[in-house]
Amino acid sequence: MQFTLREMQRFASSTKFWIIIISATVILSISGPFSTLERLPAVPRAAYWGAICVISFFANLIVALPAIGWLRNRNAARVVEVIVPSVLGSGPVAAVVWFINSFLASTSDPTIAAFFDIWIKCAPIAVSITISYLLFQGSHDRETQLTPAASSEAKFFARLPMTLGKNLYALQAQDHYVRVRRSVVITWSC
C-alpha cells in the first residue's frame, strides 16, 4: 500500500501528469462522449469530465498498482501485466462513474445493470490508463537507470557524516533523528 500511495503522490506532483489530465478533460469536454454534450452545459460538463479524469485515474491506480507489482514479482508476461490490472482497475473506475452519473449528475439510473454497462465501457479506458502508467513509469525508470549504482551509493554516503564510515548495517528512524547501527571492526596489532 505504501508503494501505491508513493506512486499516487508522484503523479499528483508531476507537471506531465496534470498536462495529460487537463488535455483529456478539454478533449472530453469538447467532444462530449456518452451523451454528455447533450445532457450537460459547457461548464458543468468540464467539471464533470475533470472530476471523472482525476478520480477515476487514482481509483484505477489503487487497485492496478498492487496487481502490477504482484504480477511483476511472478515474472508475468507484459500483456498479462497490462490486461489483468486494467480489468481489475476498471471496477473502481466504473463505480466512481456510476456513482457520479447516478447520484450527482443524474444522467443514468442507479441500477446494477447500469453499473455493468459502465464497467464494460470503462475497461478499454482503464487499459489505456494502465498503459500510460507503464509508459510513464518506464520513462522514470530510464531516468533513474542513467546513473550507475556506484554513484547512487556514493550519493547515499555523501549525506552521512564521514565518521560513521561505510560499514553500516541498519538505519532506523527515531522521531526527529536517525539511529545508525554499524559494525565495528577490531584490528589487533602485534
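A short tour of the structure in this document, coming up.

Our focus in this paragraph is the nonpolar core. Soluble globular proteins tend to pack their nonpolar side chains together in the buried interior. If you look at the biggest cluster of nonpolar residues, it comprises 15 residues, and the most contacted ones within it are Tyr48, Ile52, Val97, Ile118 and Cys122. Of all the elements in the fold, those that place two or more residues in this core are α4 (42-73), α5 (78-104) and α6 (112-145). Looking at this core element by element, the count peaks at 6 residues for α5. Beyond its immediate sequence surroundings of up to four residues, Ile52 is in contact with Phe57, Val97 and Ile100. Within the second largest apolar cluster, 10 residues are counted, among which are Phe11, Phe17, Leu61 and Ile68.

Right, let's get into the pattern of salt bridges. With the rule as written, the count across this model stands at 3 salt bridges. One salt bridge in this structure joins Glu81 and Arg72, with 2.8 Å as the shortest N-O distance. Glu81 sits in the buried class, given a relative accessible area of 4%. With its nearest N and O atoms 3.0 Å apart, the salt bridge here joins Arg78 to Glu81.

Look at helix α2 (residues 15-31) against α4: their axes get within 9 Å of each other, and the N-to-C directions meet at 135°. With respect to their mutual orientation, α2 and α4 come out oblique. Where α2 crosses over α4, the handedness of that crossing is right-handed. Contacts between α2 and α4 involve Phe17, Trp18, Ile21, Ala24, Thr25, Leu28 and Ser29 from the first element and Arg45, Ala46, Trp49, Gly50, Cys53, Val54, Phe57 and Phe58 from the second. For the contact of α2 with α4, the class distribution of residues is 11 nonpolar, 3 polar and 1 charged.

Glancing now at the environment of Ser29. By the secondary structure assignment, Ser29 is in helix α2. Residue class for Ser29 comes out buried when judged on its relative accessible area of 10%. Spatially, the C-alpha atom of Ser29 lies 8.5 Å from that of Ala47, the residues being 18 residues apart in sequence. With residues near it in sequence (within four places) discarded, Ser29 still touches Arg45, Ala46 and Trp49.

So, on to α2. When the terminal C-alpha atoms of α2 are compared, their 24 Å separation across 17 residues agrees well with the 24 Å that a helix rising 1.5 Å per residue should span. Taken residue by residue, α2 has Phe17, Ile21, Thr25 and Ser29 as its buried positions. Taken down its axis, α2 places every buried residue within 95° of arc, on the same side. Exposed side chains of α2 directed beyond 90 degrees from the buried face belong to Thr15, Ile19, Ile20, Ile27 and Ile30. Tucked inside the fold, the buried residues of α2 contact α1 (2-12) and α4. For α2, the N-terminal cap is Ser14; the gap from its side-chain oxygen to the backbone nitrogen of Lys16 is 3.3 Å. Positive phi shows up at Gly32, right after α2, with a value of about 60°.

Turning our attention to the packing of aromatic side chains. In this description, an aromatic ring pair is defined by two values, namely the gap between the centres and the angle between the planes. Overall, the coordinates contain 12 aromatic pairs when judged by the stated rule. A cation over an aromatic ring shows up here: Arg10 above the ring of Phe11, its NZ or CZ 5.6 Å from the ring centre.

Here the phi dihedral of Phe34 falls at roughly 55°; this positive angle occurs in a residue that is not glycine. Here Phe34 shows up in the loop between α2 and α3 (36-39). Judged by relative accessible area, Phe34 falls into the partly exposed class, the value being 45%. One non-glycine residue with positive phi stands out, namely Ser35, at about 65°. Structurally, the position occupied by Ser35 is in the loop between α2 and α3.

About the thresholds
- Residues numbered from 1 in each chain as written.
- Predicted model: local features only at pLDDT ≥ 70, side-chain atom pairs only at ≥ 80, totals over all residues.
- Heavy atoms only, no water.
- Core = buried A, V, L, I, M, F, W, Y, C linked by side-chain atoms within 4.5 Å.
- Buried < 20%, exposed > 50% of the residue type's maximum accessible area, 1.4 Å probe, protein only.
- Helix = DSSP H or I, 4+ residues; strand = E, 2+ residues; numbered from the N terminus.
- Contact = heavy atoms within 4.5 Å.
- Salt bridge = Lys/Arg side-chain N within 4 Å of Asp/Glu carboxyl O.
- Axes fitted to C-alpha atoms, helices over the stretch in contact; angles between N-to-C directions.
- Parallel < 35°, antiparallel > 145°, perpendicular 65-115°, else oblique.
- Left-handed = near helix turned anticlockwise from the far one by under 90°.
- Nonpolar A, V, L, I, M, F, W, Y, C, P; charged D, E, K, R; others polar.
- Expected span 1.5 Å × (residues − 1).
- Arc of directions from axis to C-beta.
- Polar contact = N/O pair within 3.5 Å; in protein donor to acceptor, adjacent residues only side chain to side chain.
- Phe/Tyr/Trp six-rings, centres within 6.5 Å; stacked < 30°, edge-to-face > 60°.
- Lys NZ or Arg CZ within 6 Å of the ring centre and 35° of its normal.

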